[in-house]
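A look at the structure
Each chain, letter by letter, is given below.
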Amino acid sequence: MEGALTARDRVGIQDFVLLDAHTSETAFLDNLKKRFSEDLIYTYIGTLLVSVNPYKELDIYSKKQMDIYMGVNFFELPPHIFALADNAYHTMLAEANNHFILISGESGAGKTEASKKILQYYAVSCPSTTLLDNVRDRMLLSNPVLEAFGNSKTLKNDNSSRFGKYMDIQFDIQGDAVGGHILGYLLEKSRVVHQNHRERNFHIFYQLVKGGEEDLLHQLGLESNCQHYSYLVQGECANVASINDKNDWKTVRNALFCDDIHSIAYWVIASVLHLGNVQFEPDSKGYATLNNSAELLWLLGVNVQVLQEGLTSRKIEAKTDEVLSPFTVDHAIYARDALAKAIYGRTFTWLVNKINDSMENKDSSCKTVIGLLDIYGFEVFYVNSFEQFCINYCNEKLQQLFIQLTLKSEQEEYEAENIGWEPVQFFNNKIICDLVEEKHRGIISVLDEECLRPGEATDLTFLERLEEKLDSHPHFVTHKLADKKTRKTLERGDFRLLHYAGEVTYCVVGFLSKNNDLLYRNIKDVSLQVSTHVASQFKSSLLGLTDILMSKEPWYVRCLKSNESQQPGQFDDVLVRHQVKYLGLMEHLRVRRAGFAYRCRYDVFLQRYKPLCPATWPYWRGVAAEGVEVLVQHLGYLPDEYKMGRTKIFIRHPRTLFATEDAFEVCKHDLGKDRKTKINQEVLFISTKIETCWRGVQARKAKGRRQWAVKVIKKFIKGYMARGEAKTTDNSEYLAFVRQNYLNRLKDNLPKMVLDKTSWLTPPPVLTELQLKGITSVIFKGKKDSYPQSVSQPYVDTRISQYIVYSIPIVKYDRNGFKARPRQLILTQTAAYVVDDAKIKQRVLYTTLKGVSVSTLSDGIIIFHIPSEDDKQKGDLIMQCDHLFEALTKLSVVANKIVHSVTIASMKAGKEGIVEFSSGQESMVYKDKNGHLMVVSDAVTAAERGLVACSQTCLCCLGQLLWPLPHNLPQIWDQARAQLVRITCFLLTFILAARRMSRLQ
Ligand SMILES: Nc1ncnc2c1ncn2[C@@H]1O[C@H](COP(=O)(O)OP(=O)(O)OP(=O)(O)O)[C@@H](O)[C@H]1O
Ligand SMILES: [Mg+2]
């Protein structure tokens, strides 16, 4: 709207709803002309796009232009076909419903070009993947193929579509184009056998003959000369300056996506050309005979059935003679042409089906579609026949749909916005649709009845029937029914329909035969077969089309021809006025202007015009609707000039809006001055904001990274600490790491020779299991059935739940007589055992162990204090151990206690013994004569350590290492662990840094 409003004086109004004289056709045309002279070929009527054919290339369809229009609101940029395509697409995505774009206009107005632009826009703007690109390519390539087979040069258009086309583009929920489907309507088959002066047959014939490779033409029995074929020369314009058949041939050949389709299509085209050259002569009885069967042989040569039967050319000749004999020459020519038309028509349908197969979306999940309808516009020629009748009927139906949908959507919008609907006068063309299609009374019904009626039915008897049935219809006139004045303008074989777009006179000649679409199905029986009645078939396909369209949201492109001579820069007022009329544009504008010229969402309106009111500038903090109300009050809108809807403001007259816009222009100029300073402030404010946000983002990222690192390190440490235990979730990753590390090292340090056992890297403990598995393999592999299952079972050190944590040889001294006995001390998780060759001599539960004593000297004596009240025990346990520190540290850890204080060892009551510690020359332990156990330590060591020999009578001088005092064990552990963590962290950081460095390199 912005652009529309500001540029309104120079280039006319970009939206006709803003035209003050909205009922004036002259004002409408002036606006179109003004814009056309500036190469502005598009103008809106609300959401309808009017397009005027410029007949010259404009630089408005580039990729850059597409980018500009992508995702932009309809009215924010100058009108364009891309804006319409983009809005249809985004509305479809937002509302998840189906849409169609109806492109209409007379022949040469630019419908096909418009539909191609829309398709190209979707091809560029929709998301893409390889799969989707494939579908998209097929959709784009379908155009040149269908144009080659369905378009031809006519007097009005060098590339006129001779069929109606409806194409569904299917989108998935993300908006990707995932498939397509085409419906073709009423191909003008008569063109295959007959062309008017200065008109051509379908493009494909000329493309093949002129562009086809020598080999191919030879295979098909064709000459590279259009003059050779009677179906190509009737219009006397096989060569057209604006058409390059050779180049087009290459495009089509590349676009025909599969070899089968290639060859079938070529053979069919060739067979039609050969058929056209078949000539007949009357024999003595007046029956048709072939004067030259060579062409027919080519034709039959392509018939697969004939080839399969393996008939010789003689046989074919015999057959053709037999077949053709009952025909008159006229009949034969008629049959030949009917066959040619039928072949071509069916090939076209087959081709459309093939294209559909190639674009089919196999995924049945939910999709939405945008349908593109490029259909023939209203046609009025000097002589109008059956084809024009069908085409104009089609336009009546579409006009009906258009009015219904436009009125419906307008009414619905008013209702949704809670604005009273003011009824609009419009021409309801239902009466004309009924005149054509009504059962029993309508023109099509009468035509079908006449075609089926026994007896001599002719085009003129059909006209008589019409006159009988429709004699008083206000939209039907014939020579007989007309008043005196009108009669002068009608021939006897004419009927005239008063279409919504104007009067059209049809000549009934050929109506019956064209409607019958006769084909000699079984030439031998010479019976004429009616395939179906063409008009009825067309009627039902149109009803199908209307159903398809009714279930979708409409968008319209109305194409206008600027002049008949297809020249750039010429604007033929009369011609354009005529089209404006029969395209119902004024009607549409009236409906769109019913009540209000302009409507706009509150937020959009406020955003644009807020500088006009101090209360809304620079910010309006409240609800947008209230802001708009304040704004328009400030601008002095009268109550009659606007209405507040639920989400939009409705403005009755364009002048109110223009006044607002002019005020805005002035205001913008003033604001421009203050703007620089304001912009600077805003830039500063915004940059600070961005910086803060950015820092926050970075900090959050760093925090995330730290948390991750802590987790990894923790896991690593846990794994390290539990590396000796059975595999758990805690240590599995660590063990895997150790294994991998070992294998990596091994890879680089393999021994030179297999048998060299010495230079194998020593595996870490977790891998000793692997060695064991190796040994198992040597012993058992292939020899014992259960061996394979054992491979995945890990080996453990013990399968006894009370497994041994530590064991050491000791000398135990009897309490009676201190006799020395060699034993083993075994520590499990719950108790200490004194064992003699696998026989348990004594068990001391850690829970009952009162304390442990050692001396301060360098001897290896350990005394376990056992409560005297425990009857099962024999008193304190005196041992001598060569690895005292190791043994007692292990004991402390496994029993979770710390030996700390001096405790007097005592023997069981009544059986007390004395241990005397002293230093001497040589360490020894022996029983003295006094019955004491003498423990002598190395004197040098003792002296060096400053130890004093203890009294010989008691154990009170025993060392300082005794428990129980468990409270500081956790602290000691923590200190140890912290130290370990520090070391590991350092190592890990180092490793990670090294890895990153290596990756960067
Ligand atoms: N937007 C455009 N820009 C430039 N030239 C155009 C444009 N639209 C149409 N033309 C020109 O007009 C010619 C006719 O256009 P087009 O074939 O699209 O007409 P049509 O409405 O499809 O006619 P028909 O009903 O006969 O198929 C094109 O070949 C092209 O030369
Ligand atoms: Mg066309």
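Counting from 1, residues in each chain are numbered in the order their sequence is written. As a convention, the first chain written is A and the first ligand written is 1, with the rest following in written order. Confidence filtering applies because this is a predicted model: local features only for residues at pLDDT of at least 70, side-chain atom pairs given and counted only at 80 or more, and all residues used for totals across whole chains, interfaces and linings. The side-chain numbers reported here are obtained from all heavy atoms of the structure, hydrogens and water having been left aside.

**Focus on the overall build of the protein**
A count of helices and strands for the protein gives 34 helices and 29 strands. Within the protein, the proportion of its 1001 residues that are buried is 46%. Contacts in the protein between residues at least 24 apart in sequence constitute 64% of all its contacts with a sequence separation of at least 6. Note on areas: these come from Shrake-Rupley sampling with a 1.4 Å probe, and a residue is covered only by the protein chains present in the view. Summing over all exposed atoms, the protein offers an accessible surface of approximately 52,200 Å²; the carbon and sulfur share of this is 55%. Helix and strand definitions here come from DSSP, where helices need a minimum of 4 consecutive H or I residues and strands a minimum of 2 consecutive E residues; each element is numbered from the N-terminal end. Residue exposure (1.4 Å probe, protein chains only): buried if accessible area is under 20% of the type maximum, exposed if over 50%, otherwise partly exposed. In this description, contact between two residues means that some pair of their heavy atoms is separated by no more than 4.5 Å.

**Regarding the sheet that holds strand β25 (residues 861-865)**
Taken in spatial order, the seven strands make up an open sheet running β23-β22-β21-β20-β26-β25-β24, and their pairing is antiparallel. Either end of the sheet is taken by a strand with one partner, and the two such strands are β23 (839-845) and β24 (851-854). This sheet shows a mean twist of 35 degrees between the axes of neighbouring strands, independent of strand direction. With nine bridges connecting them, strand β20 (residues 804-813) and strand β21 (residues 820-828) associate as antiparallel partners. Pairing of Ile 804 across the sheet is with Thr 828, part of β21. In this scheme, strands are said to pair when DSSP sees at least two bridges between them. To obtain each axis, a line is fitted to C-alpha atoms, and for helices this fit is confined to the stretch in contact; angles are then taken between N-to-C directions over 0 to 180 degrees.

**What to know about the coordination of the magnesium ion (ligand 2)**
Listed donor atoms are N, O and S within 2.8 Å of the metal (Na, K and Ca: 3.2 Å). As water is not included, a site may look incomplete. Protein coordination at the magnesium ion (ligand 2): the donors are Thr 112 (OG1) and Ser 161 (OG), at 1.9 to 2.1 Å from the metal. Of the two residues, Thr 112 sits in helix α5 (residues 111-125) while Ser 161 sits in strand β5 (residues 160-161), which places them 49 residues apart along the sequence. A relative accessible area of 13% means that Thr 112 is categorised as buried.

**Some remarks on the UniProt feature "binding site: ATP" (unreviewed entry) in the protein**
UniProt positions are given in the numbering used here, feature names are shortened, and annotations may be inferred rather than shown by experiment. The UniProt record marks Gly 105, Glu 106, Ser 107, Gly 108, Ala 109, Gly 110, Lys 111 and Thr 112 with the feature "binding site: ATP" (unreviewed entry), using the residue numbering of this structure. The annotated residues named above include Thr 112 as those lining the largest cavity. By the element assignment, Ser 107 lies in the loop between β3 (99-105) and α5. Each residue touching Ser 107, except ones within four places of it in the same chain, is listed here: Thr 154, Lys 156, Asn 157, Ser 160, Arg 162, Glu 379 and Lys 561. A polar side-chain atom of Ser 107 sits 3.4 Å from a polar atom in the side chain of Ser 160. For Gly 108, the position within the fold is in the loop between β3 and α5. A relative accessible area of 8% places Gly 108 in the buried class. Other than its neighbours up to four places away in sequence, Gly 108 contacts Asn 53, Tyr 55, Lys 156, Asn 157 and Lys 561. A pocket, in this scheme, is an open set of points on a 1 Å grid over the protein atoms alone with protein on both sides within 12 Å along at least 5 of 7 lines, while a cavity is a set where a 1.4 Å probe fits but cannot get out; residues line either one if an atom lies within 4 Å of a point. Two N or O atoms form a polar contact when they lie within 3.5 Å of each other; inside protein one atom must be a possible hydrogen donor and the other a possible acceptor, and for residues adjacent in sequence the pair counts only when both atoms belong to side chains.

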